[in-house]
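# Tertiary structure, described
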Amino acid sequence: MRMEQNRTNITIAGKSYQLAGQESDEYLSRLADYIEAKYQEFGKDMAFRSQPIDKQHLLLQINIADDYFKSKEQASVYVRQNAEKDAELRDLQQKLADLKIRYDNAQADVKKLEKSNQALKKRLQEYEKGTEKNTDKGSGSSRRTGRNAASSEGVRTEGADRPATGSNAADVSTEISVDN
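Calculation criteria
Numbering of residues starts from 1 in each chain and follows the order in which that chain's sequence is written. Selection of residues for local features in this predicted model requires a pLDDT of at least 70, selection of side-chain atom pairs for listing and counting requires 80 or more, and totals for whole chains, interfaces and linings are taken over all residues. Excluded from the side-chain calculation are hydrogens and water; included are all heavy atoms of the structure. Any two strands are treated as partners once DSSP identifies two or more bridges connecting them. Here a helix means four or more residues in a row that DSSP labels H or I, a strand means two or more in a row labelled E, and each is numbered from the N terminus. Salt bridge criterion: a side-chain nitrogen from Lys or Arg within 4 Å of a carboxyl oxygen from Asp or Glu. Summary of the burial criterion: residues with accessible area below 20% of their type's maximum are buried, those above 50% are exposed, and those between are partly exposed, where the area comes from a 1.4 Å probe applied to protein chains only. Here a pair means two rings of Phe, Tyr or Trp (six-membered ring of Trp) with centres within 6.5 Å. Their orientation is stacked below 30 degrees between planes, edge-to-face above 60, and tilted elsewhere. Per-residue confidence from the prediction method is given by pLDDT, with values spanning 0 to 100. Here a residue-residue contact requires only that any non-hydrogen atoms of the pair lie within 4.5 Å. Side-chain atoms within 4.5 Å link the members of a nonpolar core, which is a set of buried Ala, Val, Leu, Ile, Met, Phe, Trp, Tyr and Cys residues. Both cavities and pockets are sets of points on a 1 Å grid over the protein atoms alone; in a cavity a 1.4 Å probe fits but cannot get out, in a pocket the set is open with protein on both sides within 12 Å along at least five of seven lines, and lining residues sit with an atom within 4 Å of a point. Grid points are joined across faces, edges and corners, and a volume is the space filled by probe spheres set on the points.

Let us look at the pairing of strand β1 (residues 6-12). One ladder, built from 7 bridges, connects β1 with strand β2 (residues 15-21); its direction is antiparallel. Of the residues in β2, the one forming a bridge with Thr8 is Leu19. Turn length for the β1-β2 hairpin, with the two strands adjacent in sequence and antiparallel, is 2 residues, and the turn residue Ala13 shows positive phi of about 55°.

The next subject is the pattern of salt bridges. Summed over the entire model, instances satisfying the criterion amount to 5 salt bridges. For Asp104, the salt bridge identified is with Lys100, shortest N-O distance 3.1 Å. One end of the pair, Asp104, and the other, Lys100, are both in helix α3 (residues 53-137), 4 residues apart, so they sit about a helical turn from each other. A relative accessible area of 37% means that Asp104 is categorised as partly exposed. Each of the salt bridges in this network shares a partner with another, and the network as a whole consists of Lys38, Glu41 and Asp67.

Turning our eyes to something else, we now look at the packing of aromatic side chains. Tallying each qualifying case throughout the model produces 2 aromatic pairs. Seen from their ring centres, Tyr68 and Phe69 are 5.2 Å apart, and the 75° between their planes marks the pair as edge-to-face. In this structure Phe69 comes out as exposed when scored by relative accessible area, which is 53%.

This part covers unusual backbone geometry. In this structure, Ala13 takes a positive phi of about 55° despite not being glycine. Counting through the fold element by element, Ala13 comes out in the loop between β1 and β2. With relative accessibility at 42%, the residue Ala13 sits in the partly exposed group.

On to the confidence of the model for the protein chain. Taken as a whole, the protein chain shows an average pLDDT of 81; of its residues, 74% reach a score of 70 or greater. Within the protein chain, α3 carries the highest mean pLDDT (94), whereas helix α4 (residues 146-153) carries the lowest (43). The model gives residues 141-180 a pLDDT under 50, and that stretch makes 31 contacts with residues more than four places away or in other chains.

Let us look at the side chain of Thr8. By the element assignment, Thr8 lies in strand β1. The exposure class of Thr8 is buried, given its relative accessible area of 12%.

Formed by Ile10, Ile12, Ala32, Tyr39, Phe42, Phe48 and Leu60, the largest nonpolar core amounts to 7 residues. At the level of elements, β1 and α1 (25-43) are the ones that each hand at least two residues to this core. Not counting residues within four places of it along the chain, the set of residues in contact with Phe42 comprises Phe48, Leu60 and Asn63.

Empty space within the largest pocket amounts to approximately 230 Å³. Ile12, Ala13, Lys15, Tyr17, Ile35, Tyr39, Ile53, Gln56, His57, Leu60, Gln61 and Ile64 together form the lining of the largest pocket. When residues of the lining of the largest pocket are traced back to their parent elements, those giving at least two are β2, α1 and α3. No other element matches α3, which puts 6 residues into the lining of the largest pocket.

Written as structure tokens, this is what we have:
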């Protein structure tokens, strides 16, 4: 199956040609314009114009080949730089994902700590309320039981410093009221 070819008329170095190719007419015209611009550029140079026509063509061909290889090398540099940038971008995206996970974990920890803090505040308030109630009950008196309470107040009860034995075990704990 033969592909349809585009045909376009071009002018290079004052001569008209018909080009045919699979590319668009615009693309073929751009190629012709490039070559014509090279002829115009070199035609300004007296040394170039004084050369035989076959040598002029050879110099133009070498110059166009030079442009091609420089462009190809530049494209290769761009491709390499693009690959490096892609690798750097992937690395940064991975770091960003890792940081997002760390951030989310830190946020979860903050929420847990806030919840714990609220619970502790509530317990503290309950404790403070309980302490206020105990302080208000005896108008200066406090209720304490057993050996430790008596010892801490400097008061001794009979049998409180001896270990409980036998049937008297229930008598060891006594309530003491001390006025300050």
